Structures are given as structure tokens and as C-alpha cells.
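Letter by letter, the chains look like this.
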Amino acid sequence: MAERPEDLNLPNAVITRIIKEALPDGVNISKEARSAISRAASVFVLYATSCANNFAMKGKRKTLNAGDVLSAMEEMEFQRFVAPLKESLEVYRREQKGKKEARKDKDKKADSEEQDKSREEENDDDDERMDEEEQNDEEEVDN
């Protein structure tokens, strides 16, 4: 856990970037307002985490999952965010599945290439042995 209350704040650079993306061009924000938004965001994250943890504990689990967070959002009366969060979660899961399949395909391709290379080396070894045997046979015939 955090040793000081300030350790629980979100990074200022992240907060500043989010604020700039949310505001129209040409709109500025004071340091005090940025600090207030940062503290509010930190409190929100802590509260949402605590609520989600309660759902995990009810399920006798130590790991929070996406369902816990969605249930926490509803409990905190942020129902209007549940649908967009579910959509984002589905997009994230599809991306992760695509990455996993791409890795699997890459591994299969690498394994296949290794097997092909191994077969080529075996064939080369067989060819060398046959050449040596032919030379030996020719030498025996010459003698």
C-alpha cells in the first residue's frame, strides 16, 4: 500500500494529456484546476477499485476481473458508462485474441521452418553418406 497520500495520485503527465485531449483547442487550465481534477480522478479510481474488490470478495476471489469493475460502476450509479466500457472490453479482447493467434501462427511457421531445415540437413547428410559409399564402391572396384 502507499506510504503517503500523494503516492495514490495519478501521474500528472497522464492527467495533463487527458485534460488537453478533452478540452477544445485554445482552452487553458490552471494548475489548481489540474490538481483538483487529478485528486478527483485518483479518488474515483480508489473508490471504483474498492467497490470492485467487494464484488471479488463476495465471489471468494482475490483477483478483480472486468465483471467486478462493471458491477462496481453500476453500484456507484455510473450505469451510463457500463455499455461503453463493455464495448471497449470487447475490442480489447478481440485485439488480444488476434495477437495470440498471430503469435501462434508465427510459432507454427517457425516450427515448420525448423522442421524443413532439419529435414534438409538430414537429406544433405544422407547425400554425403551415399556419395562416400559410391566413392568407396568405386575404389573397391578399382582395386
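Note: the structure precedes this text.
Keep in mind it's a predicted model, so treat the numbers as computed, not measured.

Definitions and limits used
Residues numbered from 1 in each chain as written. Predicted model: local features only at pLDDT ≥ 70, side-chain atom pairs only at ≥ 80, totals over all residues. Heavy atoms only, no water. Salt bridge = Lys/Arg side-chain N within 4 Å of Asp/Glu carboxyl O. Helix = DSSP H or I, 4+ residues; strand = E, 2+ residues; numbered from the N terminus. Buried < 20%, exposed > 50% of the residue type's maximum accessible area, 1.4 Å probe, protein only. Contact = heavy atoms within 4.5 Å. Axes fitted to C-alpha atoms, helices over the stretch in contact; angles between N-to-C directions. Parallel < 35°, antiparallel > 145°, perpendicular 65-115°, else oblique. Phe/Tyr/Trp six-rings, centres within 6.5 Å; stacked < 30°, edge-to-face > 60°.

Caption draft 1: Just the pattern of salt bridges, in detail. This structure, assessed with the given rule, holds two salt bridges. One salt bridge connects Asp-68 with Arg-61, and the closest N-O pair in it is separated by 2.8 Å. In this structure, Glu-90 engages Arg-93 in a salt bridge whose closest nitrogen and oxygen atoms are separated by 3.7 Å. Placement of both Glu-90 and Arg-93 in helix H4 (residues 82-142) is noted, with a separation of three residues, approximately one turn of the helix. A residue is classified by how much of its surface remains accessible, and Glu-90, at 38% relative accessible area, is partly exposed. The class for Arg-93 is partly exposed, based on a relative accessible area of 44%.

Caption draft 2: Molecular detail of the environment of Asn-9. Looking at the element boundaries, Asn-9 is found in the segment before helix H1 (12-22). Looking at Asn-9, the relative accessible area reads 34%, which means it is partly exposed. Taking C-alpha positions, Asn-9 is 6.3 Å from Arg-39, a pair spaced 30 residues apart along the chain. With near-sequence residues (within four places) excluded, Asn-9 lies in contact with Arg-39 and Ser-42.

Caption draft 3: Up close: the packing of H1 against helix H2 (residues 31-58). Where H1 meets H2, the closest approach of the two axes is 10 Å, and the angle between their N-to-C directions is 105 degrees. In terms of axis orientation, H1 runs roughly perpendicular to H2. For the pair H1 and H2, the contacting residues are Asn-12, Ile-15, Thr-16 and Ile-19 in the first and Arg-34, Ile-37, Ser-38 and Ala-41 in the second.

Caption draft 4: Layout of the packing of aromatic side chains. Tallying each qualifying case throughout the model produces two aromatic pairs. Between Phe-44 and Phe-78, the aromatic rings sit 5.4 Å apart at their centres with planes inclined by 80 degrees, giving edge-to-face as the arrangement. Note that Phe-44 is positioned in helix H2 and Phe-78 in the loop between helix H3 (66-75) and H4, a separation of 34 residues in sequence. Judged by its relative accessible area of 33%, Phe-44 falls in the partly exposed class. Residue classification places Phe-78 among the partly exposed positions, given a relative accessible area of 29%. Both rings, one in Phe-78 and one in Phe-81, keep their centres 5.7 Å apart while their planes meet at 45 degrees; by these two values the pair is tilted. Look at Phe-81 and you get partly exposed, because its relative accessible area is 34%. Ring pairs connect the aromatic residues Phe-44, Phe-78 and Phe-81, which therefore count as one cluster.

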